[in-house]
Amino acid sequence: MSMVIDRPETEEREHPSAPFLRMDRIPHIWCPGCGIGVALKCFATALEESKVDLDKTAIVSGIGCSGRAAGYMKLDGFHTTHGRAIPFAIGLKMGRPELNVVVFSGDGDLVGIGGNHFIHTARRNQDLLVIMVNNFNYAMTGGQNAPTTPAPAKTSTMPYGNFELPFNVAHLAASCGAAYVARWTCLQVRRMTKSFKEALLKKGFRFIEVIAPCATLYARLNKLGLGLDLMRFYHENTEIRHGADTRDVAIGFQDKIICGKFVDIEKPTHSELMHAHYRKILGDRYMPTPPEGGMLRGKD
Amino acid sequence: MEADPAGVLTGVHYFDGDYACGEGAMAAGCRFVAGYPITPSTEVVERISQRFPLIGGTFIQMEDELASMAAIVGASWTGTKSMTVTSGPGFSLMMENIGLAAMMEVPCVVVNVQRGGPSTGLPTMVGQQDIMQARWGSHGDYEVIAFSPQSPQEAFNLMIDAFNIAEVYRTPVMFMMDECVGHMSEKVVIPKAEEIQVVPRKLTTKSPDEFLPYVPDENLVPDFARAGDGYKFHTTGLTHDERGYPEMSVRCQEKCVRRLVDKLRLNADKIIRFEEEKTEGADVVLVTYGITARVARMAIDMVRKKGVKVGVIRLIVVWPFPEKRIRELAGKIKAFVVPEINYGQLVLEVERCAAGKAPAILVSHMGGGVHNPEDVADAIMEAAK
């Protein structure tokens, strides 16, 4: 088990990601040892390094621990309803096509209650970066069983251990048609950041799964130690396998975690298909929603 | 602001209420629609999906009604006038995100072409059973605006008003059609674009540094910043302060939710709309809305021929309800008669406002058809005794 040590004296300095964060909302709500903050920091770094236009970048979250992410980024940030971050984001993107829209949410939100939206948006290859923090349980509500909980892990609603078969979400995304699929653990901050950066600059449905420790609930209920112990577990039990067949990357309980970039393909996006089709059928009569959006402008 | 001519199909047409509703939306400036097929509302989105590529709008058929409602809330944050269209079962699925639209204060229009319920009920046949759901369907305290057209022409006209008032109060607006009005074909006159006034999104004039997303104006309505204009604002379905930041406190709940409700309650007199006919000296007042108002015309003619003094309140806006007028009339008449295609919904509101001064008599039709006018006439005759 880890030891808690006293913090050494340090000088007050601004957080390097401060320009990308709502510092007036810090401290955040996440527990000590949680991995969501790591993913958010990597995302902030990726925003900085990819040089995307921050004025034109929006972040959308659903409900849950990871769902709070939208509230900490200094972007147009939308904290929506449980499971509906993706369709909300679709509305933003289609309403104003020039926006870069990022969905940042948790496993329960995106593939539990929101699973239908996830598969259909991947099927249409809609222009969205979806970052899913997977902590294997519903943490905000107290550690209940999730569609990602490996068997036979204990959760508060599976006190005798989970007997259900979980989703392999990377495979779900890939088989539904995602243009980009990657998975990293919270220990792999540089690779995760690089993946975020790459995906920010790509079109189509991009899905990145971040395996994150939940020290307070999942780890405690399963006697896995603190956040640091889980980081050590990732260090010793992660294998990077780029281009792996996503059928082979399911995550077992305290089993080896296969990470890497599994899918990175070019295929026409939903909006590209729509524009091409209407132009072909309607010719000059086709009037698409302009990039700056469908807001009415006109005479007073 | 004058309507964008691209969306206005000026001319004299013969089409059904669903098409008229779709044309009204396009004339009003609606440029984003997300929907899921459901009878008897589908013709609205069929019309829109045909016309949108020609007028700069985007239609998407979503995977379900939860997604449709969430998508229009997202799209409205870009300043794009947005709408979804459904019927009873889909309306039920939309309720959570209607609450989100109310809480985030996002203008949008939700069309419900009502059929008989509960559950799958009567998919192809008329009902007026969602009128209370329109008011109370999502959880928590909030207010809505709901329209109820009685004809295709009115569906067109009121659609423009629905979009406009959604902008004025930054609120979701329920457009409560019914299967009869939706599937009834009549003459619909669409005026020239310059004759149609549309209300644009009220964008903030403040700079991003000084802008706070939930500071109300004198009408209790905050200024709007749209996504992508550099304001980097935050908004949430959680109870929030003027910065749009969540705050879980009694104080913040009091301030946030009381204003949300007061925004429509205190402005109700400006929103309420009804037609009033011969209520002066009337013994009985018929309170009616939607297709039932059309059917009741015959009953009114029948009883007037027999010398009964009957007045009419036809609700154009159902919510907010004309509480004061019902209260005034209650002291002067013998009874209200309320025909509805349900087992008694709006009659409860009439009864509440009448506060015991006059009975509110329900003439119920359980759905699938409209009233026999004689049943309404009999109820009026009985009430006038």
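Residues numbered from 1 in each chain as written. Chains lettered and ligands numbered in written order. Predicted model: local features only at pLDDT ≥ 70, side-chain atom pairs only at ≥ 80, totals over all residues.

The next point concerns the overall build of chain B. Scanning chain B from N- to C-terminus turns up 13 helices and 16 strands. For 385 residues, the compact-globule estimate of 2.2 N^0.38 gives 21 Å, and chain B sits close to it at 21 Å. Each of the 385 residues in chain B was classed as buried or not, and the buried ones make up 56%. (Helix = DSSP H or I, 4+ residues; strand = E, 2+ residues; numbered from the N terminus. Rg over C-alpha atoms; globule rule 2.2 N^0.38 Å. Buried ≥ 20, exposed ≤ 12 C-beta atoms within 10 Å, placed from the backbone.)

As a further point, take the overall build of chain A. When its secondary structure is counted, chain A shows nine helices and 10 strands. The C-alpha atoms of chain A give 20 Å as radius of gyration, which agrees with the globular expectation for 300 residues (19 Å, within 12%). For chain A, the C-alpha atoms occupy an extent of roughly 70 × 45 × 30 Å along the three principal directions. For chain A, the residues scored as buried account for 52% of the 300 residues in total. In chain A, 68% of the contacts between residues at least 6 apart in sequence involve partners at least 24 apart. (Contact = placed C-beta atoms within 7 Å.)

Let's shift gears to unusual backbone geometry. Following Gly117(B), the chain continues into Pro118(B) via a peptide bond in cis, with omega recorded as 0 degrees. Its place among the elements puts Pro118(B) in the loop between strand E5 (108-116) and strand E6 (122-126). With an omega of -5 degrees, the peptide bond between Trp319(B) and Pro320(B) qualifies as cis. Inspection of the secondary structure assignment puts Pro320(B) in the loop between strand E14 (317-319) and helix H11 (323-330). For Asn125(A), which is not a glycine, the phi torsion comes out positive at approximately 50 degrees. Here Asn125(A) lies in the loop between helix H4 (115-124) and strand E4 (128-134). By C-beta crowding, Asn125(A) is classed as buried, having 23 other C-beta atoms within 10 Å. Its identity is not glycine, yet Glu105(B) carries a phi of approximately 60 degrees, on the positive side. Tracing the backbone shows Glu105(B) in the loop between helix H4 (88-104) and E5.

All names here are of chain B. Taking 1.5 Å of rise per residue, the 12 residues of helix H1 (residues 17-28) would be expected to cover 16 Å, and the 16 Å separating its terminal C-alpha atoms lies within 8% of that figure. For H1, the buried fraction is high: 12 of the 12 residues fall into the buried class. Those residues of H1 that fall on the buried side of the exposure criterion are Gly17, Asp18, Tyr19, Ala20, Cys21, Gly22, Glu23, Gly24, Ala25, Met26, Ala27 and Ala28. The positive-phi residue at the C-terminal boundary of H1 is glycine 29, with phi of around 105 degrees. (Expected span 1.5 Å × (residues − 1).)

Strands belonging to one sheet form pairs held by backbone hydrogen bonds; the direction of such a pair is parallel or antiparallel. Taking strand neighbours across the sheet as the criterion, the nine strands line up as E9(A)-E10(A)-E7(A)-E8(A)-E4(A)-E3(A)-E1(A)-E2(A)-E10(B) in an open arrangement whose pairing is mixed. The outermost strands of the open sheet, each flanked by one partner alone, are strand E9 (238-240) of chain A together with strand E10 (234-236) of chain B. Ignoring which end each strand starts from, the neighbouring axes of this sheet average 20 degrees apart. Sheet topology note: the strand E1 (residues 57-61) of chain A/strand E2 (residues 76-79) of chain A ladder contains four bridges and is parallel. (Pairing = 2+ DSSP bridges. Axes fitted to C-alpha atoms, helices over the stretch in contact; angles between N-to-C directions.)

Right, let's get into the pairing of strand E15 (residues 335-340) of chain B. The two faces of a sheet get side chains in turn, since along a regular strand they alternate between them. Residues and elements named next belong to chain B. With six of its six residues buried, E15 lies for the most part within the structure. A two-sided burial pattern is seen for E15, the buried positions comprising Ala335, Val337 and Pro339 on one face and Phe336, Val338 and Glu340 on the other. The pairing of strand E12 (residues 284-289) with E15 spans three bridges and is parallel. When the sheet's bridge partners are listed, valine 284 is paired in E15 with alanine 335. Note: E15 against strand E16 (residues 360-364), five bridges, orientation parallel. Bridge pairing in E16 places valine 337 opposite isoleucine 361. Between the parallel pair E15 and E16, the chain is carried across by helix H12 (residues 346-354), and the sense of this crossover is right-handed. (Right-handed = clockwise from strand over helix to strand, strands pointing away.)

All right, on to the sheet that holds E12(B) then. All names here are of chain B. One open sheet holds the five strands; their spatial order is E11-E13-E12-E15-E16, and the pairing between them is mixed. At either margin of the open sheet sits one strand with a lone partner, and together these are strand E11 (274-277) and E16. Between one strand axis and the next, the sheet turns through 20 degrees on average, direction left out of account. Where E12 meets strand E13 (residues 310-315), six bridges bridge the pair, whose relative direction is parallel.

When the parts of a complex come together, some accessible area is lost, and that lost area is often taken as the interface size. Residue and element names in this part refer to chain B. Partitioning chain B into domains gives domain 1 (5-195) and domain 2 (274-384). Between domain 1 and domain 2, the C-alpha centre-to-centre distance is 27 Å. Contacts between the two partners involve 23 residues from domain 1, matched on the other side by 21 residues from domain 2. For the side of domain 1 that touches domain 2, the element with the highest residue contribution is helix H5 (residues 131-136), accounting for four residues. Among the residues making up the side of domain 1 that touches domain 2, the classes are represented as 14 nonpolar, six polar and three charged. (Domains from an automatic or database assignment. Nonpolar A, V, L, I, M, F, W, Y, C, P; charged D, E, K, R; others polar.)

As a further point, take the pairing of E12(B). In terms of burial, E12(B) is a largely internal element, six of the six residues being buried. Regarding topology, helix H10 (residues 291-305) of chain B serves as the crossover connection from E12(B) to the parallel E13(B), and that connection is right-handed.

The next thing to look at is the interface of chain B and chain A. The interface is formed by 52 residues belonging to chain B together with 44 residues belonging to chain A. The set of elements that each furnish at least two residues to the side of chain B that touches chain A consists of strand E2 (32-35), helix H2 (42-55), strand E3 (58-61), helix H3 (65-76), H4 and E10 of chain B. Here the residues of the side of chain B that touches chain A are counted per class, giving 26 nonpolar, 16 polar and 10 charged. Here E2(A) runs beside E10(B); their pairing, made up of three bridges, is parallel. Counterpart to His79(A) in the pairing with E10(B) is Thr236(B).

What follows covers the packing of helix H2 (residues 85-95) of chain A against H3(B). Contact geometry for H2(A) and H3(B): axes closest at 6 Å, N-to-C directions at 45 degrees. For the element pair H2(A) / H3(B), the angle class is oblique. Every pair of crossing elements has a handedness; the one defined by H2(A) and H3(B) is right-handed. The segment H2(A) lies against H3(B), with Pro87(A), Phe88(A), Ala89(A), Ile90(A), Gly91(A), Leu92(A), Met94(A) and Gly95(A) engaging Ala67(B), Ala70(B), Ala71(B), Ile72(B), Val73(B), Gly74(B) and Ala75(B). (Parallel < 35°, antiparallel > 145°, perpendicular 65-115°, else oblique. Left-handed = near helix turned anticlockwise from the far one by under 90°.)

A word on the packing of H4(A) against helix H5 (residues 169-176) of chain A. Residue and element names in this part refer to chain A. Relative to each other, H4 and H5 sit at 40 degrees, their axes nearing to 7 Å. As judged from the angle between their axes, H4 and H5 are oblique. Seen from H4, the contacting residues are Ile119, Ala122 and Arg123; seen from H5, they are Leu172, Ala173 and Cys176. Of the residues assigned to the contact of H4 with H5, the class counts are five nonpolar, no polar and one charged.

What follows concerns the environment of Glu179(B). All names here are of chain B. Note on placement: glutamate 179 falls in helix H7 (residues 179-183). The spatial distance from the C-alpha of glutamate 179 to the C-alpha of serine 41 is 7.8 Å, given a sequence separation of 138 residues. The residues touching glutamate 179, leaving out its near neighbours within four places in the chain, are Pro40, Val113, Gln114, Arg115, Met125 and Val126.

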